[in-house]
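A closer look at the structure
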Amino acid sequence: MPETRFEDVRRFESIDSTNRYLLDEARAGAPEGVVAVADHQTAGRGRLGRTWEAPPGANLLLSVLLRPDIDPADRHLATTVVALAAVDAIGSIELPAASTVVPVRIKWPNDLVDLEGRKVAGVLAESDLASASGTEGLPAPVVVGIGINVNWPGEDDDLPPELQGYAVSLRMLAGGPVDREELLQGFLAALGGRAADLATATGRRRLAQGLLAACSTVGTRVRVDLADGSFEGIATGISPEGHLVVESGGVARTVVAGDVVHVRPGT
Ligand code: BTN
């Protein structure tokens, strides 16, 4: 399968939500590869029905439209594609002050965090399987949005008290402003190869391995919140399918979806 080139980049000074925009475009038959980038979102969507806020012109807010022709059980790897492309891009930016890269990790499955576990970016994948039947011949769409804290917050004090110590920006980690356009170009360059990996079994295993290599969750004590309850254990690995493996009470459980909380010692 030829690699999708993510060249149809649609830029918005202000929009309600880039995810909402691309879901509508997908319903109207837009192909894989469209990217929507916003300077500002008035109704940015976060996970679990939350909102995603950032001041205008400070952060990278974008969504990509994918149409992976794969088993529905593997579609969750679309999130991994975008998270890994963001890790690749962040690792390639030129830093204003430091001579090293900004280290970011993936908190399984949706967050990018720094080495202290503070959130650098969040990923939200939204599907509209119902729209698949309306766009004949095209695989069902999945829209994956990411909000990367690039230049906001500039410091901890910029955040509302409940987010202080919980979120961090690349600017704070790098010690100076970071070029959003350079980061976007790095992201788009990485995205083609990462998205191509969705199409083959070997590629999907590579995505799972990439996730394992970048994952801050493996090796930590976690609480997994599922729809029907929660359990605690030690995250011991990522399965070849990209699921989190958690050992709990002597049993290895595979977590396909759910909210994972890193449990710090003593909490
Ligand atoms: C999370 O809650 O951690 C996920 C946040 C995802 C935010 C991004 S910003 C660009 C895209 N458009 C949206 O409305 N949400 C995502």
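Our subject is the structure that appears above.
Take the site of the ligand next. The ligand sits among 19 residues. The nearest are Ser17, Gln41, Arg45, Arg47 and Lys119. In the environment of the ligand, a nitrogen atom lies 3.0 Å from a nitrogen or oxygen atom belonging to the side chain of Thr18. Here the ligand loses 98% of its free accessible area of 420 Å² to cover by the protein chains. Breaking the shell around the ligand down by element, the ones donating at least two residues are helix 1 (18–27), strand 3 (60–66), strand 6 (119–127) and strand 7 (142–148). Among the elements that line the shell around the ligand, the one with the most residues is strand 6, at 4 residues.

Below, the discussion takes up the nonpolar core. Counting residues in hydrophobic clusters, the biggest one holds 60 residues, and the most contacted among them are Val64, Leu66, Leu112, Ile148, Leu170, Leu183 and Phe187. The dominant element in this core, judged by the number of residues it contributes, is helix 2 (residues 77–92), at 11 residues. Two domains each donate at least three residues to this core, and these are domain 1 (8–214) and domain 2 (221–262). Beyond its immediate chain neighbours, meaning those up to four positions away, Leu170 contacts Ile90, Ile93, Val102, Val120, Ile148, Asn149, Val150, Val178 and Leu183.

Moving on: unusual backbone geometry. Here the amide bond leading from Trp108 into Pro109 is cis, since omega sits at -10 degrees, within 30 degrees of zero. Within the secondary structure layout, Pro109 lies in the loop between strand 4 (105–107) and strand 5 (111–113). Non-glycine residue Leu48 carries a positive phi angle of around 55 degrees. Summarising the element assignment, Leu48 is placed in the loop between strand 2 (34–38) and strand 3.

The rules behind these values
Residues numbered from 1 in each chain as written. Predicted model: local features only at pLDDT ≥ 70, side-chain atom pairs only at ≥ 80, totals over all residues. Heavy atoms only, no water. Near = heavy atom within 4 Å. Polar contact = N/O pair within 3.5 Å; in protein donor to acceptor, adjacent residues only side chain to side chain. Areas by Shrake-Rupley, 256 points an atom, 1.4 Å probe, with all protein chains shown as cover. Helix = DSSP H or I, 4+ residues; strand = E, 2+ residues; numbered from the N terminus. Core = buried A, V, L, I, M, F, W, Y, C linked by side-chain atoms within 4.5 Å. Buried < 20%, exposed > 50% of the residue type's maximum accessible area, 1.4 Å probe, protein only. Domains from an automatic or database assignment. Contact = heavy atoms within 4.5 Å.

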